[in-house]
Amino acid sequence: MRKIALFASGSGTNVENIINYFQNKEIANDYLVLVNNPSAKVIEKAEKRNVPVMIFDRKMMNEGQVASKLAEFNPDLIVLAGFLWMFPADLVAQYPNKVINIHPALLPKYGGKGMYGHHVHEAVVANKETETGITIHYVNERYDEGAIIFQATTPVKPTDTAADVAKSIQVLEHSNFPVVIEELLNK
């Protein structure tokens, strides 16, 4: 059985979707959810599924407690699913080609520090883009600059709001992210 460490900061819809996707599959059923926001809804979602959760802050990250927990868990893949901090370079080095992220835009557009969630969707609408999408990529020591693994697109209508774009992006995330994770675990 493969092990997946899932980092999140918010509602956890992608975490929940990933766990649900693998529920009846034999490839993965061992998870650890790591959360940097003690009020994040992902905590409740993980606990309802009896998935262990580690809540941490910057001090715990800097002092190596997160690295120790990861080493103890020994994940086959580390998935950033709505995790808003820069992932530490030492952990990227420790887990080469095992840390992936999903970004709600077609990188390299709309990437970098501060470009997440509604900020991305607002920029897409403001710039009158005709399409947007998702990018699943390996994580390196810079925001959203790791090698691209997968992209999927969705049209943006002239009448779309940032909320409309967000809904389309979530559909793409939920239908593609677990499939790409499964492909990576099968390599």
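Predicted model only: the values in this text are computed from it and were never measured.

## Overview of the nonpolar core
In terms of nonpolar packing, the biggest core is built from 40 residues, with Ile 4, Leu 6, Phe 22, Val 79, Ile 100, Phe 177 and Ile 181 touching the most fellow members. Examining the composition of this core, we find that eight residues originate from one element, helix α7 (residues 162–185), more than from any other. Setting aside anything within four residues of it in sequence, one finds Phe 177 in contact with Asn 14, Ile 18, Val 79, Leu 80, Ala 81, Ile 100, Asn 101, Ile 102, Ile 136 and Leu 172.

## What to know about the packing of aromatic side chains
According to the stated counting rule, one finds eight aromatic pairs in the structure shown. Judged by centre distance (5.0 Å) and plane angle (85°), the ring pair of Tyr 21 and Phe 22 falls under edge-to-face. Taking 5.6 Å as the distance between ring centres and 80° as the angle between the ring planes, the aromatic pair formed by Phe 56 and Trp 85 counts as edge-to-face. With Phe 56 in the loop between β3 (53–55) and α3 (58–62) and Trp 85 in the loop between β4 (77–80) and α5 (89–94), the pair connects residues that are 29 residues apart, well separated along the chain. Comparing Phe 56 with Trp 85 shows no difference in burial state: the two are buried. Through successive ring pairs, a cluster of aromatic residues spans Phe 7, Phe 56, Phe 83, Trp 85 and Phe 87. Over the ring of Phe 73 we find Lys 3, and its NZ or CZ is 5.4 Å from the ring centre. Positioned over the ring face of Trp 85 is Arg 58, at 3.9 Å from the centre of the ring.

## Looking at unusual backbone geometry
With an omega dihedral of 15°, the bond running from Leu 107 to Pro 108 counts as a cis peptide bond. Tracing the backbone shows Pro 108 in the loop between β5 (99–103) and α6 (117–126). Phi angles above zero are rare outside glycine, and Tyr 110 is one such case at about 60°. Looking at the element boundaries, Tyr 110 is found in the loop between β5 and α6. Overall, the relative accessible area of 15% leaves Tyr 110 in the buried class. For Asp 144, which is not glycine, the phi torsion reads 60° and is therefore positive. Here Asp 144 lies in the loop between β6 (131–138) and β7 (148–155).

The rules we used
Residues numbered from 1 in each chain as written. Predicted model: local features only at pLDDT ≥ 70, side-chain atom pairs only at ≥ 80, totals over all residues. Heavy atoms only, no water. Core = buried A, V, L, I, M, F, W, Y, C linked by side-chain atoms within 4.5 Å. Buried < 20%, exposed > 50% of the residue type's maximum accessible area, 1.4 Å probe, protein only. Helix = DSSP H or I, 4+ residues; strand = E, 2+ residues; numbered from the N terminus. Contact = heavy atoms within 4.5 Å. Phe/Tyr/Trp six-rings, centres within 6.5 Å; stacked < 30°, edge-to-face > 60°. Lys NZ or Arg CZ within 6 Å of the ring centre and 35° of its normal.

Distances and angles like these do not, on their own, reveal function.
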